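One letter stands for each residue in the lines below.
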Amino acid sequence: MIKAVFFDMDGTIADSEKIVWKVTREFFAKRNIFLDEEEEKSLYGLIWKESVRRILEKRGLEYKQSIKNTLKEKYVRHLKKEVTAVPNIYELLEDVKKNFKVALATNSRIREVEIIFDKLNFHPFFDIKIARNHIKNVKPHPEIYLKGASLLGVKPSECVVFEDSVVGITAAKKAGANCIALVNTYSEKDLKDADYIIKSYKEISSQKIKELFK
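The numbers attached to residues start from 1 for each chain and follow its sequence in the written order. In keeping with the predicted nature of the model, local features appear solely for residues at pLDDT of at least 70, side-chain atom pairs appear and are counted solely at 80 or more, and the whole-chain, interface and lining totals rest on all residues. Note that water and hydrogens are dropped before the side-chain values are worked out from all heavy atoms of the structure.

### What to know about the pairing of strand β4 (residues 159–163)
Then, in step 1: Buried residues are those whose accessible area, probed at 1.4 Å on protein chains only, stays under 20% of the maximum for their type, while exposed residues exceed 50% and partly exposed ones sit between those limits. A run of H or I in DSSP counts as a helix once it spans at least four residues, and a run of E counts as a strand once it spans at least two, with each numbered from the N terminus. Within β4, five of the five residues are buried, leaving the element largely enclosed by the surrounding structure.
Then, in step 2: Any two strands with at least two DSSP bridges between them are considered paired. As defined by bridge partners, strand β1 (residues 4–7) adjoins β4 across four bridges and the pair is classed as parallel. Bridged to Phe7 within β4 is Phe162.
Then, in step 3: Bridge analysis of β4 against strand β5 (residues 178–182) gives four bridges, and the strand direction is parallel. For Val160, the partnering residue across the bridge sits in β5 and is Asn178.
Then, in step 4: Seen with the strands pointing away from the viewer, any crossover whose path from the first strand over the helix to the second strand runs clockwise is right-handed. Handedness of the β-α-β unit built from β4, helix α8 (residues 166–175) and β5 comes out right-handed.

Right, here's the structure in full:
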């Protein structure tokens with residue numbers, strides 16, 4: 001029996017992944033560095049710093065703290081102005097809030113969480129928010145979902161996780177939770193390890209969740 005629903009943030013409830021990609025692409029383009037398809041994919045789901053570090057080191061360049069600071073500040077400026085909600089997410093949030101405990105579980109830091117939640121008015125829908133600041137091991141490690149289930153007083157098997165990335169799905173499944181993947185930043189083929197895949201939140205509801213995971 002499902003008792004709790006978790007949502008990832010970037011690319012799952014907020015279209016912030018696109019801002020990450022935009023800021024990173026502009027940063028590298030100014031330095032005559034152009035990303036291939038696999039490198040672009042690496043920006044989604046992984047810790048941003050690690051993605052940038054890998055891209056630079058692949059080209060024999062050094063990653064510095066100043067680079068991280070520059071990217072983060074540009075991202076925050078764009079985020080405050082440009083972030084939008086994923087289509088139809090409010091309707092789903094209203095629905096699940098009436099039927100389950102609801103939690104956020106994200107690799108982003110709490111600073112970005114609060115910016116997005118303030119701008120998009122997500123606060124009323126969530127019982128708890130767990131960000132990178134609150135854990136030692138980020139996704140794909142299952143810690144964030146194990147901690148979240150514990151805080152909500154439920155078993156991982158009693159949880160459904162909404163994710164849009166491969167690392168997020170891996171974290172959910174390792175934790176023993178059920179996972180629904182939204183096709184947004186990754187293709188349906190990439191998300192094959194999820195228990196159920198949707199292309200729009202119009203395809204899912206509390207009733208559907210209960211039927212899928214009896």
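That covers the picture; the talk isn't over yet.
### A short note on the packing of helix α1 (residues 17–29) against helix α3 (residues 48–58)
Each pair of packed helices gets described by two things: the angle between the helix axes and the distance between those axes.
Then, in step 1: Between α1 and α3, whose axes approach to 12 Å, the crossing angle comes to 30°. Here α3 runs roughly parallel to α1, going by the angle between their axes. Here the hand of the crossing between α1 and α3 comes out right-handed. The segment α1 lies against α3, with Val20, Val23, Thr24 and Phe28 engaging Trp48, Val52, Ile55 and Leu56.
Then, in step 2: Taken together, the residues of the contact of α1 with α3 sort by class into seven nonpolar, one polar and no charged. Only C-alpha atoms enter the line fits that serve as axes; for helices the fit covers just the stretch in contact. Angles between N-to-C directions range over 0 to 180 degrees. Angle categories are assigned with fixed cut-offs, so that under 35 degrees is roughly parallel, over 145 is roughly antiparallel, 65 to 115 is roughly perpendicular, and the rest are oblique. Two helices that cross are described as forming a left-handed crossing if the nearer one is turned anticlockwise from the farther one by less than a right angle, and a right-handed crossing if clockwise. We call two residues in contact when some of their heavy atoms are within 4.5 Å. Under the convention adopted here, Pro, Cys and the residues Ala, Val, Leu, Ile, Met, Phe, Trp and Tyr are nonpolar, Asp, Glu, Lys and Arg are charged, and Gly plus all remaining residues are polar.

### Comments concerning the sheet that holds strand β6 (residues 196–198)
Then, in step 1: A sheet is described by the order of its strands in space; here six strands give the open sequence β3-β2-β1-β4-β5-β6, paired in parallel fashion. Each edge of the sheet is formed by a strand with only one pairing partner; in this case those strands are β3 (128–130) and β6. The mean inter-strand angle of the sheet, taken between neighbouring strand axes irrespective of direction, is 20°.
Then, in step 2: Sheet strands touched by α8: β4 and β5. Its angle to β5, the strand with the most contacts, is close to 165°.

### Focus: the packing of aromatic side chains
Then, in step 1: In this scheme Phe, Tyr and Trp rings, the latter by its six-membered ring, pair at centre separations within 6.5 Å, and the angle between planes marks the pair as stacked below 30 degrees, edge-to-face above 60, and tilted otherwise. Under the definition given, this model contains nine aromatic pairs.
Then, in step 2: Between Phe7 and Phe126 the ring centres are 6.1 Å apart and the planes differ by 75°, which places this aromatic pair in the edge-to-face class. Separated by 119 residues along the polypeptide, Phe7 in strand β1 and Phe126 in the loop between α6 (110–120) and β3 bring together distant segments of the chain.
Then, in step 3: Look at Phe27 and Phe28: their rings are 5.4 Å apart centre to centre, the planes differ by 75°, and that puts the pair in the edge-to-face class. Note on accessibility: Phe27 and Phe28 belong to one class, buried.

### A look at the pattern of salt bridges
Then, in step 1: Salt bridge, as applied in this entry: a Lys or Arg side-chain nitrogen positioned within 4 Å of an Asp or Glu carboxyl oxygen. Per the counting criterion, the structure on display carries 11 salt bridges.
Then, in step 2: Where Lys18 meets Asp15, a salt bridge forms, and the shortest distance between an N and an O atom there is 3.7 Å.
Then, in step 3: For Asp15, a relative accessible area of 12% puts it in the buried group.
Then, in step 4: In this structure, Asp195 and Lys173 form a salt bridge, with 2.8 Å as the shortest nitrogen-oxygen distance.

By themselves, these are just geometric observations and shouldn't be taken as functional.
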